[in-house]
Amino acid sequence: MTESLTIRRPDDWHLHLRDGAMLEGVLPETARHFARAIIMPNLVPPVVRGDDAMAYRDRIIAALPDGMAFEPLMTLYLTEATDPADVAAAAASGLVKAVKLYPAGATTNSASGVKDFDKVRGVLEKMAEIGLPLCTHGEVTTPEVDIFDREAVFIDRVLDPIRKSTPGLRVVMEHITTKNGVDYVKSQDDMGATITTHHLVINRNHILVGGIKPHYYCLPVAKREEHRVALVEAATSGAGPFFLGTDSAPHIDALKEHACGCAGCFTATNTLSVLAEVFEKAGALDRLEAFTSLNGPAFYRLPVNDETVTLTKGSAVDYPAKIETGAGPVTVFDPGFPLHWSVA
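This write-up is about the structure you can find in this document.

Cut-offs applied
- Residues numbered from 1 in each chain as written.
- Predicted model: local features only at pLDDT ≥ 70, side-chain atom pairs only at ≥ 80, totals over all residues.
- Heavy atoms only, no water.
- Helix = DSSP H or I, 4+ residues; strand = E, 2+ residues; numbered from the N terminus.
- Rg over C-alpha atoms; globule rule 2.2 N^0.38 Å.
- Buried < 20%, exposed > 50% of the residue type's maximum accessible area, 1.4 Å probe, protein only.
- Contact = heavy atoms within 4.5 Å.
- Lys, Arg positive; Asp, Glu negative; His and termini not counted.
- Charge placed at Lys NZ, Arg CZ, Asp CG, Glu CD.
- Pairing = 2+ DSSP bridges.
- Axes fitted to C-alpha atoms, helices over the stretch in contact; angles between N-to-C directions.
- Expected span 1.5 Å × (residues − 1).
- Salt bridge = Lys/Arg side-chain N within 4 Å of Asp/Glu carboxyl O.
- Left-handed = near helix turned anticlockwise from the far one by under 90°.
- Nonpolar A, V, L, I, M, F, W, Y, C, P; charged D, E, K, R; others polar.

## Here we look at the overall build of the protein chain
Check the secondary structure of the protein chain and you find 11 helices and 13 strands. Against the globule reference of 20 Å for 344 residues, the protein chain gives a C-alpha radius of gyration of 19 Å, in line with a compact fold. Principal axes of the C-alpha set define a box for the protein chain whose edges measure 55 × 45 × 40 Å. Sorting the 344 residues of the protein chain into buried and exposed places 57% on the buried side. At a minimum sequence separation of 6, the contacts of the protein chain that also span at least 24 residues come to 74%. With 32 positive and 44 negative side-chain charges, the protein chain shows a separation of 3 Å between the mean positions of the two kinds.

Rendered as structure tokens:
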């Protein structure tokens, strides 16, 4: 049995850091293990222009504790008023690595998202021209579509038409949750998909059976077990289109444990330990590095990290149930099974 595993230092290709006191509280949990992360732009107000991204990046760097090394990879929030020239300039400067598409109303702080896709066609065409990836929150928001079907419908109604109408556009389907998503990404060229830690572990029963579990509620919502199994198979395959994007999304407990609770699982603290357990169970520890450290840089056309981290297996690891932030306590994702892998 493997008792020690050394891999290139991983990156997180989908991360929410929030701002202010919450940013200061959660940033060390990511920077402890991850070299870089794609930073989501859905602040209030959102990160729309290059100047917004630069200011947000400066706040992240200022919040980084002494002695920690971490590089935020910035994104812009796509709106119907986004200027293609501003996007191109931000990308050319090296500041911005992607643009994020939120269908309006799809998730936390998405009210400024896109309703009329014809109004962003010019931006998408410019992105295809310069090779800048589009990161998509893959759900439709029309009320007649069941929440458990919104990803599959998004592929048919939004994603596939965008790809066909914008040749050369490089797309990441973020936090896929269905076999439909896995199969679509496999069928495409020059397309990537992030898979979260929590979607590899939970299905919709974990949220609803025996009482509502608000700390398992996320968007896209976890689906049936058959879909979770498909995600595990994709992640542990080592295949290039699939890479880690935790979608670690902190909310204080008061907003999670609420009559209208916020969506998001906070996994930054224990992600590598959880993933090691998932990959070991699948007999795929030798492919953990591809998922966490190699496939993402390859898609984003960035070098892999020179540094390494070592995971060791031993007695159960005791992670905190919560972390304290200046905004309030945040509950750490509980995978529901013991964790025996720790990061040295």
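## A word on the sheet that holds strand 10 (residues 308–313)
On the basis of which strands lie adjacent, the open sheet formed by three strands has the order 1-10-13 and antiparallel pairing. Looking at the sheet topology across the chains shown, the edges are occupied by strand 1 (4–8) and strand 13 (341–343). Each strand axis lies, on average, 25° off the axis of its neighbour in the sheet, ignoring direction. In this sheet, strand 10 lies alongside strand 1 in antiparallel orientation, the contact comprising five bridges. Among the inter-strand pairings, Thr6 is bridged to a residue of strand 10, identified as Thr310. Each of strand 10 and strand 13 touches helix 10 (residues 271–281); the most contacted strand, strand 13, lies at about 140° to it.

## Observations concerning helix 5 (residues 150–165)
Over its 16 residues, helix 5 extends 21 Å from the first C-alpha to the last, a length consistent with the 22 Å expected when each residue adds 1.5 Å. Taken together, the buried positions of helix 5 are occupied by Arg150, Glu151, Val153, Phe154, Ile155, Val158, Leu159, Asp160, Ile162 and Arg163. In this structure, the buried side of helix 5 is in contact with strand 5 (96–101), helix 4 (121–130), strand 6 (134–136), strand 7 (171–173), helix 6 (179–187) and strand 8 (191–195).

## Some words on the side chain of Lys223
For Lys223, the position within the fold is in the loop between helix 7 (204–208) and helix 8 (225–236). One buried charged side chain, Lys223, makes no salt bridge at all; its nearest oppositely charged neighbour is Glu151, positioned 4.7 Å away. Apart from the residues lying within four places of it in its own chain, the contact partners of Lys223 are Ile147, Phe148, Thr177, Thr178, Asn203 and Arg204.

## Quick word on the packing of helix 1 (residues 20–31) against helix 2 (residues 50–63)
Angle between the axes and distance between the axes: these two values describe a pair of packed helices. Relative orientation of the contacting elements helix 1 and helix 2 amounts to 65°, with a least axis distance of 9 Å. Helix 2 is crossed by helix 1, and the crossing has right-handed handedness. Within the contact between the two elements, helix 1 uses Leu23, Glu24 and Leu27 and helix 2 uses Arg59, Ile60 and Ala63. Taken together, the residues of the contact of helix 1 with helix 2 sort by class into four nonpolar, no polar and two charged.

As far as function goes, none of this settles anything; it's purely spatial.
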